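# Overview (structure and organization)
Listed below are the residues making up each chain.
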Amino acid sequence: MGRIVRDFCRAELRGVLPLLVGMALLMGYLITTAGLRAEAALALPLIAVLALLRAWRQAARFREAFESLPPARRERIVRDYAAPHLCIPVYQGELHLLPDCLVCRSRRTLRLFLPETLGFAEVHRYSGRNRMVLGLRLTSAGGASVCVEFVGRQRGRFPEAEAWLAAKNVPFAP
């Protein structure tokens with residue numbers, strides 16, 4: 001479980017750090033040329049702390065779900081995650097299709113879906129700004145859902161996710 005959470009936190013940092021650097025450069029420019037008060041730069045550490053707290057909260061939720069599993073299953077998931085496995089990049093995240101579960105990092109969330117708790121999956125096809133987007137909404141029996149989007153070249157990887165879900169007998173909504 002430690003590696004799963006560590007990978008999630010690293011991905012969050014990779015997403016937040018360039019944003020903070022860009023904001024710092026913009027604020028520096030505005031402070032020097034437009035006369036923006038220097039106190040406005042104090043917002044950057046606040047934004048960084050909020051982003052880290054959100055990542056910590058998501059990791060805590062994942063740990064809670066993971067710890068509720070039987071010990072043998074937890075060990076199997078950790079072993080399967082450490083071994084080479086099918087990892088599909090999606091918009092703002094990735095899907096790790098393990099033999100025993102699905103680990104989903106999408107849109108700043110980290111979710112664990114077990115095949116027996118997945119209620120159904122829905123496929124949505126819609127237009128983005130410039131190209132077609134393929135969305136897959138996974139809904140658990142408890143009502144928790146996550147929508148992952150396959151954009152551009154990622155759309156070619158959708159059949160792999162669809163085959164994994166079909167192999168685990170997850171019904172697709174019409």
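Bear in mind that the values here come from a model prediction, so they are computed numbers and not experimental data.

## Some thoughts on the nonpolar core
- If you look at the biggest cluster of nonpolar residues, it comprises 20 residues, and the most contacted ones within it are Leu95, Leu102, Leu136, Leu138, Phe150 and Leu165.
- Counting residues per element, the ones that place at least two in this core are strand S1 (86–90), strand S2 (93–97), strand S3 (102–106), strand S5 (118–127), strand S6 (132–140), strand S7 (145–151) and helix H4 (158–167).
- The greatest single-element share of this core, amounting to four residues, is contributed by H4.
- Core analysis: the next-biggest nonpolar cluster, separate from the first, contains 17 residues, Phe8, Ala55, Tyr81 and Leu98 among them.

## Here we look at a nonpolar patch on the surface
- Together, Leu46, Val49, Leu50, Leu53 and Trp56 give the surface a local cluster of nonpolar side chains, amounting to about 540 Å² of exposed area.
- For leucine 50, a relative accessible area of 51% translates into the label exposed.

## Looking at the packing of helix H1 (residues 2–33) against helix H3 (residues 71–82)
- For the pair H1 and H3, interaxial distance at closest approach is 9 Å and the crossing angle is 50°. When the axes of H1 and H3 are compared, the pair comes out oblique. Contacts between H1 and H3 involve Arg3, Ile4 and Asp7 from the former and Ile77, Tyr81 and Ala82 from the latter.

What counts, and where the lines are drawn
- Counting of residues starts from 1 at the beginning of each chain's written sequence and follows it residue by residue.
- At least 70 in pLDDT is required for a residue's local features to be given in this predicted model, at least 80 for side-chain atom pairs to be given and counted, and no such filter applies to totals for whole chains, interfaces and linings, which use all residues.
- To get the side-chain values, all heavy atoms of the structure are used, and hydrogens and water are removed first.
- The set of buried Ala, Val, Leu, Ile, Met, Phe, Trp, Tyr and Cys residues whose side-chain atoms join them within 4.5 Å is what this entry labels a nonpolar core.
- Think of it in three bands: with a 1.4 Å probe and only protein chains considered, a residue is buried below 20% of the maximum accessible area for its type, exposed above 50%, and partly exposed in between.
- What counts as a helix is a DSSP run of H or I of at least four residues, what counts as a strand is a run of E of at least two, and both are numbered from the N terminus.
- Patch definition: residues above 30% relative accessible area lacking any salt bridge, with like charges linked at up to 9 Å and the nonpolar side chains Val, Leu, Ile, Met, Phe, Trp and Tyr linked at up to 5 Å.
- For the area figures, the Shrake-Rupley method with a 1.4 Å probe applies, and any residue is considered shielded solely by the protein chains shown.
- Between Lys or Arg on one side and Asp or Glu on the other, a salt bridge is scored when a side-chain nitrogen of the former is within 4 Å of a carboxyl oxygen of the latter.
- Every axis corresponds to a line fitted to the C-alpha atoms, with the helix fit spanning only the stretch in contact, and the corresponding angles, defined between N-to-C directions, vary from 0 to 180 degrees.
- Oblique is the label for every angle not falling under 35 degrees (roughly parallel), over 145 degrees (roughly antiparallel), or within 65 to 115 degrees (roughly perpendicular).
- Only heavy atoms enter the contact rule, under which two residues are in contact if any of them lie within 4.5 Å.

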